[in-house]
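# Chains, contacts and geometry: an overview
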Amino acid sequence: MTTWNLTGSERLVLLCNGDTCSERGADAVTLELRRALRAAGLDPRVHTARTRCLGRCDDGCTVTVQPDQVWYRNVTPEVARAIVASHLLDGVPVRSHVSFRPGEHGLVQESGTRPGVDKPVG
Ligand code: FES
């Protein structure tokens, strides 16, 4: 286990490595996104973490960028490179793979994204 010094971090990228996303190549996505971050010199400003299931298996590989509240679907290594180059470097999300983005009253679902089931109340 490693304890990183997070001073100066601006964003957190959560990379789902749950069962479904792993079957769809999450390890390759994780490695490529981290490689692209290092190559772009963003490593000190963007922290990454592998997670278990993020609850959007149909979207796998699932990646979310915080605190931007942008969720990505169908992420491949190529898309991971685009997320680094466009979103993390220039602040412009990769629209074609956004599943949810922030809206006035919480997250807004992008068209083409499967709705999923409601969360239980209480
Ligand atoms: S396994 Fe990745 S969202 Fe469920």
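Positions within a chain are numbered from 1, following the residues in the order the chain's sequence is written. Local features in a predicted model are, by the rule used here, given only for residues with pLDDT of at least 70; side-chain atom pairs are given and counted only at 80 or more, and totals for whole chains, interfaces and linings are based on all residues.

For the rest of this paragraph, the subject is unusual backbone geometry. Cis geometry is adopted by the peptide bond preceding C61, which originates at G60 and carries an omega value of 5 degrees. Summarising the element assignment, C61 is placed in the loop between β2 (46-51) and β3 (63-66). One non-glycine residue with positive phi stands out, namely N74, at about 50 degrees. With respect to the secondary-structure elements, N74 resides in the loop between β4 (70-72) and α3 (77-90). Strands are runs of DSSP state E lasting at least two residues, helices are runs of H or I lasting at least four, and both sets are numbered from the N terminus onward.

One open sheet holds the six strands; their spatial order is β2-β1-β3-β4-β5-β6, and the pairing between them is mixed. Two strands in the sheet have a free side with no partner beyond their single neighbour: β2 and β6 (106-109). The average angle at which neighbouring strand axes cross in this sheet is 20 degrees, direction not considered. Pairing between β4 and strand β5 (residues 98-103): two bridges, direction antiparallel. Bridged to Y72 within β5 is V98. Two residues qualify as being in contact provided that their C-beta atoms, derived from the backbone, are within 7 Å of each other. With axes taken as lines fitted to C-alpha atoms, and helix axes fitted only over the stretch in contact, angles between N-to-C directions fall between 0 and 180 degrees. Packing against the sheet, helix α2 (residues 26-39) makes contact with β1 (11-16) and β2, and its axis sits at approximately 155 degrees to β1. Two strands pair under a simple rule: DSSP has to find at least two bridges between them.

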